[in-house]
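Per-entry structural report
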Amino acid sequence: DVRIFMKQCKSLAKRGYDVTLLVNDSLEDEIIDGVQIVSTCFTPTNRFERMILSRKYIRKKAIEINADIYHLHDPDLLALALHLKKNKKNVVFDSHEDYVLAINEKTWIPKIIRPLVKYLYKVYEKHIIKKIDGAVVCYHWTEERYRGYLDKVRMILNFPVVKDEILLRETDHTKRAVSFAGGISSQWCHKEILQAIGKLDNVRYELAGKLKGKYGEDLQLMEEWKKVNYHGVISYEEVLDKVYSNSSIGMALLDYISQCKGGVGNLSNTKFFEYMYMGLPLVCTDFVLWEEIITEEKCGICVNPHDIEEISKAIHYLLSNPQNAEKMGENGRKAVISKYNWQSQEIKLFELYDELV
């Protein structure tokens, strides 16, 4: 996991902490980049096993590790927090999403009972958060809510880790292709992207990720699918070499979902900053928070993710004006190097841990 292992664990290990990453799998224990990875020897095969059955395995291993600080990354583990507090341990909960809002989007929960589940989770979350030692959040409104329960709260965003080998890569802004790598679901508006490029001549969609369910089937049945160069599920290095290197625009058309509070948006989605880091100009959703960055940094174009004509015009402009597109890409990359990077966020993580110690 990029946020947990590549960013937080490796940063804390670099800081001098003795870091153990406890995971649900059956692989042998190992040390990678100074981080001890320990397995529960249990691999969940479905949601029930992950949320319910895996708890006893995680609890057993967590107690054996006997750490000073436990950093929990899953709401399923909030019950473990209380057990650890009884054993005089420092406990941090990392809320990767605003789970209260996220319940609105959980299709596996029957729609009719989502309001009840949302209310019950909010009460349960408050009960736990008030008893632990610290919290890490990714959303402004989660931070505001948690500060009503707890003193030590840090908003730590998923900005990219700046590496020299990435900065040396060059983007060819003459290539007539747009790109996306990640979750292929309706919330990323892939149908709208396909319809938009269908209005343009000689434009490809470099796409990587897992096609699943009816949405994936529907995409492949679209007439515009012939314009897609589909790479499947590939590694990060392959994404750099096969997807981003073969396109000149990054598509970040996130829908107006609950996690974004409609048109407000959030700064937790890595896709937005990843494109900037790669030197790709963005065509992105006109969220308030995203539009502020796009306007200030001059690194892309904001559109309504459901307005096919608007999306198509934005893509056409960037493809027809490669010099302007290149300048936008350079602006975005400079902004990541100067402020929207993980190095700016790990400082807040260190401050939290140093306070706990």
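Scroll up for the structure.
These lines cover the structure that appears in this document, whether it is placed above or below. All of these numbers come straight from a predicted model, not from anything done at the bench. Every chain is numbered independently, its residues counted from 1 as its sequence is written. Owing to the predicted nature of the model, reporting of local features is limited to residues with pLDDT of at least 70; listing and counting of side-chain atom pairs is limited to 80 or more, with chain, interface and lining totals taken over all residues. The side-chain quantities take in all heavy atoms of the structure and omit both hydrogens and water.

1. What about unusual backbone geometry?
With phi around 55°, Asn 202 is a residue other than glycine that occupies positive phi space. Numbering goes from the N terminus for both helices and strands, where a helix is a DSSP run of H or I of at least four residues and a strand is a run of E of at least two. Secondary-structure assignment places Asn 202 in the loop between helix H8 (190-197) and strand E9 (204-208). The rule is simple: take the accessible area with a 1.4 Å probe, protein chains only, and divide by the maximum for that residue type; under 20% is buried, over 50% is exposed, in between is partly exposed. With a relative accessible area of 61%, Asn 202 lands in the exposed category. One non-glycine residue, Lys 261, lies in positive phi territory at about 50°.

2. Quick notes on the pattern of salt bridges
Only one rule defines a salt bridge in this text: a Lys or Arg side-chain nitrogen within 4 Å of an Asp or Glu carboxyl oxygen. Taken as a whole and assessed by the stated rule, the structure comprises 22 salt bridges. In this structure, the salt-bridge partner of Arg 15 is Asp 354, at a minimum N-O distance of 2.5 Å. Of this pair, Arg 15 sits in helix H1 (residues 2-15) while Asp 354 sits in helix H15 (residues 342-356), placing them 339 residues apart in sequence. For Glu 238, the salt bridge goes to Lys 242, with nearest N and O atoms at 3.4 Å.

3. So, the sheet that holds strand E5 (residues 90-95)
Read from one edge of the open sheet, four strands run E4-E5-E6-E7, paired in parallel fashion. In the strand order of this sheet, the two ends are held by strand E4 (69-72) and strand E7 (153-155), each with one partner. Averaged over all pairs of adjacent strands, the angle between strand axes in this sheet comes to 15°, irrespective of strand direction. Where E4 meets E5, four bridges bridge the pair, whose relative direction is parallel. Considered in E5, the bridge of Tyr 70 is made with Val 91. Two strands qualify as a pair provided that DSSP identifies no fewer than 2 bridges between them. In this description, a line fitted to the C-alpha atoms serves as the axis of each element, helices being fitted only across the stretch in contact, and the angle between N-to-C directions of two axes falls anywhere from 0 to 180 degrees.

4. Brief notes about the packing of aromatic side chains
Classification of ring pairs rests on two measures: the distance between centres of Phe, Tyr or Trp rings, Trp counted by its six-membered ring, which must be within 6.5 Å, and the angle between planes, read as stacked under 30 degrees, edge-to-face over 60 and tilted in between. Using the criterion set out here, one finds 16 aromatic pairs in the structure. Consider the rings of Tyr 17 and Tyr 353, whose centres lie 5.4 Å apart with planes at 80°: the pair is edge-to-face. Of this pair, Tyr 17 sits in the loop between H1 and strand E1 (20-23) while Tyr 353 sits in helix H15; the two residues are 336 residues apart in sequence, bridging distant segments of the chain. Its relative accessible area of 22% is what places Tyr 17 among the partly exposed residues. Here the aromatic cluster, defined as three or more aromatic residues joined through ring pairs, consists of Phe 159, Tyr 256, Phe 272, Phe 273, Phe 287, Trp 290 and Tyr 340.

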